[in-house]
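# Close look at the chain arrangement
Residues per chain, in single letters:
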Amino acid sequence: MSAVPWRAALVDRVLPVVAEHAAVVDTEAAFPAQGMAELAASGLHGLLVPAEFGGLGGGLHDLVGTAQDLAGACLSTAMVWGMHCQQVDTLVQHATGSLRDDVLPRIARGELYLASVTTEPGKGGHLLTAVAALRDDGDALLVDRDAPVVTGGLHADGFLITMREAEDAGSQRVTLVYADRDQLAVERSGGWDTVGMRGTESVGLRIAGRVPAGQVVGQPGGFREIALRSMAPVGHLVWSACWLGAARAALADLVGWLRSSERGKGVDVRSELTAERVARVRMDLEVVSAYLSRVTDEVVASRAGGASLSGVDAQIHLNTLKVVAAESTFRAVDRMVRIAGLTAGYRKDSPLRLERRFRDLRSASLNYADDRLLVSTGALTLMDRAVRLL
Ligand SMILES: Cc1cc2nc3c(=O)[nH]c(=O)nc-3n(C[C@H](O)[C@H](O)[C@H](O)COP(=O)(O)OP(=O)(O)OC[C@H]3O[C@@H](n4cnc5c(N)ncnc54)[C@H](O)[C@@H]3O)c2cc1C
């Protein structure tokens, strides 16, 4: 179902660079600049940009496949790239006129890396509300915003920012606005010294500037529609794909190690206990992989048919995907640490590198709090007497 048959060749080109820098971006909590430069040069920054704007014209299946491949080499790089693509999809689906004509070709040429600004003090992660308001300034809008967590924010060439529509608008009237880096004063306001996902360098920023009113994406106050059609579904797909890719690579490494002479005497690979443990890991990944694949099909089909993704079923499926992927991939890597044991599984200097994957995957349930999605899924479940399962 790939729209870009040569995608695998592009990925093969970037993987060695991404893998080479995985350890250092983690240790130094530094942006994966070399990997991202290689992704930009390969054309993969423009994977989702339609060919008429110079992009690769890929679809969501290409996105999900590429994210898994990259995450096997470095989960931080995969997430940075995946979230860039999430923003690109938002622009492809909702930007119009001169904004679209200017920005999409720059993304396709690898000149524009996009960051996302949705989280905000006072409302936390809640996607569909905003605190800071846009202010009218003639034919322009004034942006002034605290952004406590912005992946790659210090390196971004452009930002998609959610803000309250106007000073007299309610918190649910959220507007999405695009800002070029040179239209903003961007100041670092917080660090990023975390347990895992350190290479995403998701620092705090203070952002202020003046942007032309034509840089509003979609309708003023109409971000909900964008979130439902693009930002939330694509986010859930690409995050899940990243987590699955990392856990799958970990299992491949573990199986290789279990079958090698390096294993030593500690683990009895022929015991039924080991068999049962590796079976549970494999089953978790099988289920996430199958569900990811089905939800991707559902999103692609809905968007192709112009159908809304706001229905109860589609919302439950998207929420379920994110929560199940977050829980199952972390549980899988936790089990893998147990199987490999202290020396091979838990030590930082083990060639299996399970500890980095364990730390990284711990973030999955926090990266848009599972609690928010479970509360929403619970309410939706009570509305759906028919219980139509995917
Ligand atoms: C690797 C990574 C990269 C990120 N990149 C970006 C980025 O580029 N841009 C950006 O804007 N944000 C980014 N974020 C932030 C992310 O989108 C979320 O805003 C953030 O993870 C939520 O943080 P929180 O735990 O404070 O949860 P919040 O959603 O703020 O919730 C606070 C607490 O309340 C709990 N809670 C929520 N709902 C309920 C409820 N109904 N009942 C009881 N408890 C509840 C939560 O579990 C949590 O403990 C990133 C996060 C991570 C981990």
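What comes next is a walk through the structure. (Residues numbered from 1 in each chain as written. Predicted model: local features only at pLDDT ≥ 70, side-chain atom pairs only at ≥ 80, totals over all residues. Heavy atoms only, no water.)

## Points about the site of the ligand
- If you check the shell around the ligand, you find 19 residues, and the closest are Thr119, Thr151, Leu366, Asp371 and Arg372.
- In the environment of the ligand, an oxygen atom lies 2.9 Å from a nitrogen or oxygen atom belonging to the backbone of threonine 118.
- The separation between an oxygen atom of the ligand and a polar side-chain atom of aspartate 371 is 2.5 Å.
- Contact with the protein chains removes 66% of the 960 Å² of surface that the ligand exposes when unbound.
- Judged by the fraction of its atoms near the pocket grid, the ligand is located in the largest pocket.
- Elements with a contribution of two residues or more to the shell around the ligand: strand S1 (114–117), strand S3 (140–150) and helix H11 (370–383).
- Examining the composition of the shell around the ligand, we find that three residues originate from one element, H11, more than from any other.
- Residues that form the shell around the ligand fall into these classes: nine nonpolar, eight polar and two charged.
- Two domains share the shell around the ligand, each providing at least three of its residues, namely domain 2 (115–217) and domain 3 (223–381). (Near = heavy atom within 4 Å. Polar contact = N/O pair within 3.5 Å; in protein donor to acceptor, adjacent residues only side chain to side chain. Areas by Shrake-Rupley, 256 points an atom, 1.4 Å probe, with all protein chains shown as cover. 1 Å grid on protein atoms, 1.4 Å probe; cavity = no way out; pocket = protein on both sides within 12 Å on 5 of 7 lines; lining within 4 Å. Sits in = over half its atoms within 2 Å of the grid points. Helix = DSSP H or I, 4+ residues; strand = E, 2+ residues; numbered from the N terminus. Nonpolar A, V, L, I, M, F, W, Y, C, P; charged D, E, K, R; others polar. Domains from an automatic or database assignment.)

## As for the pattern of salt bridges
- Using the criterion set out here, one finds 27 salt bridges in the structure.
- Across the pair glutamate 165 and arginine 173 runs a salt bridge whose closest N-O atoms are separated by 2.8 Å.
- What makes arginine 173 partly exposed here is its relative accessible area of 38%. (Salt bridge = Lys/Arg side-chain N within 4 Å of Asp/Glu carboxyl O. Buried < 20%, exposed > 50% of the residue type's maximum accessible area, 1.4 Å probe, protein only.)

## Here's the deal with the packing of aromatic side chains
- Tallied over the full model, the rule gives three aromatic pairs.
- Measuring from ring centre to ring centre gives 5.5 Å for phenylalanine 31 and tyrosine 113, while their planes differ by 45°; the resulting arrangement is tilted. With phenylalanine 31 in the loop between helix H2 (22–28) and helix H3 (33–42) and tyrosine 113 in the loop between helix H6 (97–108) and S1, this residue pair connects regions lying 82 residues apart in the sequence. For the pair phenylalanine 31 and tyrosine 113, one class covers both residues: buried.
- The cationic tip of arginine 362 hangs over the ring face of phenylalanine 330; the distance from NZ or CZ to the ring centre is 5.7 Å. (Phe/Tyr/Trp six-rings, centres within 6.5 Å; stacked < 30°, edge-to-face > 60°. Lys NZ or Arg CZ within 6 Å of the ring centre and 35° of its normal.)

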